[in-house]
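Coordinate analysis (summary)
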Amino acid sequence: MANLGYIGLGVMGSEMVKQLLEGGHTVTGYNRTKSKAQWLIDKGMTWADSPRAVAQASDVIFSMVSNSGALEEIAYGPNGVVAGIAPGKIYIDMSTVGPAASRAVAAKVREKGGDMLDAPVSGSIATLQQRKLSIMVAGRRETFERVKALLSEIGPTKVTHVGDNGLALVMKIATNLSLAVQMLAFSEGVLLAEKSGIPREVAVDVLTHSVIASPMVQYRGPFVLKMPEEAWFNVNMMQKDMLLALELGRQVDVPLPTTAATNEMLTAARGMGLVEYDFAIIFRVLAQMAGLGDRQVPAKTA
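Heads up: these notes are all about the structure in this document.

Observations concerning helix α13 (residues 257–271)
In a regular helix each residue adds 1.5 Å, so 15 residues correspond to 21 Å; α13 covers 21 Å between its end C-alpha atoms and thus fits that length. Those residues of α13 that sit buried are Thr259, Thr262, Asn263, Met265, Leu266 and Ala269. Looking down the long axis of α13, one finds its buried residues gathered within 155° of arc, a one-sided arrangement. In this structure, α13 carries Pro257 and Gly271 as exposed residues pointing more than 90 degrees from its buried face. Packing partners of the buried residues in α13 comprise α9 (167–195), α12 (235–252) and α14 (282–289).

As structure tokens, then:
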């Protein structure tokens, strides 16, 4: 069993820690708000007062935070992860952040004799709980091989090494842009059917069992009928990834027309005060534009 650390105990991070504890591993954790981690402490997780303390206590340190700024906040400074790195330690960041920010942290970790992988995940809390998560990993191949079995416990569906540091983040950004684009296309189809006289519930049922029913459409499509009590991935988080995609597209000269159009719908959702809802709320934005409105009040994130 491994001696692990985890920084960032949000919806996904806390579920991963729960699974790692159930797998018999020792886990030391840190979160900005300790009260949100109390249930994990009750399950056996050891609390640490800083990211540095987590790194000092662990052989392999995981983190999952919201953006590049949050990664830099937990990585740098006297209480950051880098300050707690010693030779032989491995830092695995599972956040979706800018590749450049991640590579900069990796360089600092290596200066201390440790190593770092970027390992963002593809999936949601539902796929994590169903043990269907997949993980893309970038960094030194030999470091990847050392932790592959451990990563496979979190993402048993598929763990793939994609290249040097930062490239897993590129792959994750390339994946995530399609989530919002698919959601917008699905919303267009539902509303086209509904305004032509087909009940919304029937349209959703047909589309989620049709040739267009990707895993994302299957689990998020029903949100147009009833939003979840807690956002799986809110508008702000989705737009962060869309903006990362658009910036990367600019850097490598790849036009992203559907990404750009979908990003505007996310901006409209923000303008309508829907920023804390799951990004599937773009259906409501489009429904109002189509003159249909929304028949139910969606649930906000907790």
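Here's the deal with the nonpolar core
In terms of nonpolar packing, the biggest core is built from 35 residues, with Met183, Phe186, Met238, Met242, Leu266, Phe279 and Ile281 touching the most fellow members. When residues of this core are assigned to their parent elements, the largest contribution, eleven residues, is made by α9. By size, the runner-up hydrophobic cluster in this structure holds 32 residues, among which are Met16, Leu21, Val121 and Val159.

What to know about the packing of helix α1 (residues 11–22) against helix α8 (residues 141–154)
Viewed as axis vectors pointing N to C, α1 and α8 meet at an angle of 115°, and their least axial separation amounts to 9 Å. As far as their axial angle goes, α8 and α1 are roughly perpendicular. In this structure, α1 meets α8 at a crossing whose hand is right-handed. Contact residues: α1 offers Met16, Gln19 and Leu20, while α8 offers Leu150, Glu153 and Ile154. Here the residues of the contact of α1 with α8 sort into four nonpolar, one polar and one charged.

Concerning unusual backbone geometry
Although it is not a glycine, Arg131 sits at a positive phi angle of roughly 60°. Along the chain, Arg131 turns up in the loop between α7 (125–129) and β8 (134–138). Positive phi outside glycine occurs at Asp253, with the angle close to 65°. Tracing the backbone through its elements, the reader meets Asp253 in the loop between α12 and α13. Asp253 sits in the exposed class, given a relative accessible area of 68%.

What to know about the environment of Ala261
Of note, Ala261 is situated in helix α13. For Ala261 and Leu184, which are 77 residues apart along the polypeptide, the C-alpha to C-alpha distance reads 9.5 Å.

Quick word on the environment of Leu167
With respect to the helices and strands, Leu167 occurs in helix α9. Residues Leu167 and Thr33, spaced 134 residues apart in sequence, show a C-alpha to C-alpha distance of 31 Å. Residues in contact with Leu167, not counting those within four places in the same chain, are Arg103, Asp118, Ala138 and Val162.

What about the pairing of strand β6 (residues 115–118)?
With burial as the criterion, each face of β6 is covered, one bearing Asp115 and Leu117 and the other bearing Met116 and Asp118. Here four bridges tie strand β5 (residues 90–93) to β6, and the two strands are oriented parallel to one another. Within the sheet, the bridge partner assigned to Ile90 lies in β6 and is Asp115. For the handedness criterion, the β-α-β arrangement of β5, helix α6 (residues 99–111) and β6 is classed as right-handed.

Description of a nonpolar patch on the surface
A surface patch of nonpolar side chains, about 210 Å² in accessible area, is lined by Val162, Leu167 and Met171. When its relative accessible area of 35% is taken as the criterion, Leu167 is described as partly exposed.

Digging into the packing of α9 against α14
Orientation of α9 relative to α14, taken along the N-to-C sense of each, is 40°, at an axis distance of 9 Å. Between α9 and α14, the crossing angle belongs to the class labelled oblique. Where α9 crosses over α14, the handedness of that crossing is right-handed. Contacts between α9 and α14 involve Ala180, Met183, Leu184, Ser187, Glu188, Val190 and Leu191 from the former and Ile282, Phe283, Leu286 and Ala287 from the latter.

Some points on the packing of aromatic side chains
Inspection of every chain in the model, using the stated rule, returns five aromatic pairs. Ring centres of Tyr6 and Phe62 lie 5.8 Å apart, and the angle between their planes is 15°; on these two criteria the pair is classed as stacked. Within this pair, whereas Tyr6 is found in strand β1 (residues 3–7), its partner Phe62 is found in strand β4 (residues 60–63), the two being separated by 56 residues in sequence. Of the residues examined, Tyr6 reaches a relative accessible area of 0% and is grouped as buried. A connected cluster of aromatic rings, assembled from ring pairs, spans Tyr219, Phe223 and Trp232.

Cut-offs and rules
- Each chain has its residues counted from 1, following the order in which its sequence is written.
- Note on the predicted model: pLDDT of at least 70 is required for a residue's local features to be given, and 80 or more for side-chain atom pairs to be given and counted; whole-chain, interface and lining totals, by contrast, use all residues.
- Hydrogens and waters are ignored; side-chain quantities use all the structure's heavy atoms.
- The helix count covers DSSP runs of H or I at least four residues long, the strand count covers runs of E at least two residues long, and both are numbered beginning at the N terminus.
- What a helix is expected to span follows from its residue count: subtract one and scale by 1.5 Å.
- We call a residue buried when its accessible area falls under 20% of the maximum for its residue type, exposed when it is over 50%, and partly exposed in between, using a 1.4 Å probe and counting protein chains only.
- By construction, the arc corresponds to the directions joining the helix axis to the C-beta atoms.
- Between two residues, a contact is recorded if the distance between any of their heavy atoms is within 4.5 Å.
- Residues belong to a common nonpolar core when they are buried Ala, Val, Leu, Ile, Met, Phe, Trp, Tyr or Cys residues joined through side-chain atoms within 4.5 Å.
- Note on method: axes are straight lines fitted to C-alpha atoms, helices fitted across the in-contact stretch only, with angles between N-to-C directions ranging 0 to 180 degrees.
- Angles are sorted into four bins: roughly parallel if under 35 degrees, roughly antiparallel if over 145, roughly perpendicular if 65 to 115, and oblique for all others.
- Handedness of a helix crossing follows the sense of rotation of the near helix relative to the far helix, less than a right angle counterclockwise being left-handed and clockwise being right-handed.
- Residues are grouped as follows: Ala, Val, Leu, Ile, Met, Phe, Trp, Tyr, Cys and Pro are nonpolar; Asp, Glu, Lys and Arg are charged; every other residue, Gly included, is polar.
- Two strands are said to pair when DSSP picks up at least two bridges between them.
- The definition of a right-handed crossover adopted here requires that, viewed with the strands pointing away, the path from the first strand over the helix to the second runs clockwise.
- Each patch is assembled from residues with relative accessible area greater than 30% and no salt bridge, linking like charges that lie within 9 Å and nonpolar side chains (Val, Leu, Ile, Met, Phe, Trp, Tyr) that lie within 5 Å.
- All accessible-area figures derive from a Shrake-Rupley calculation using a 1.4 Å probe, and residue coverage is judged against the displayed protein chains alone.
- Criterion for a salt bridge: a side-chain nitrogen of Lys or Arg within 4 Å of a carboxyl oxygen of Asp or Glu.
- Aromatic pairs are defined between Phe, Tyr and Trp rings, using the six-membered ring for Trp, whenever the two ring centres lie within 6.5 Å; interplanar angles under 30 degrees are classed as stacked, those over 60 as edge-to-face, and all others as tilted.

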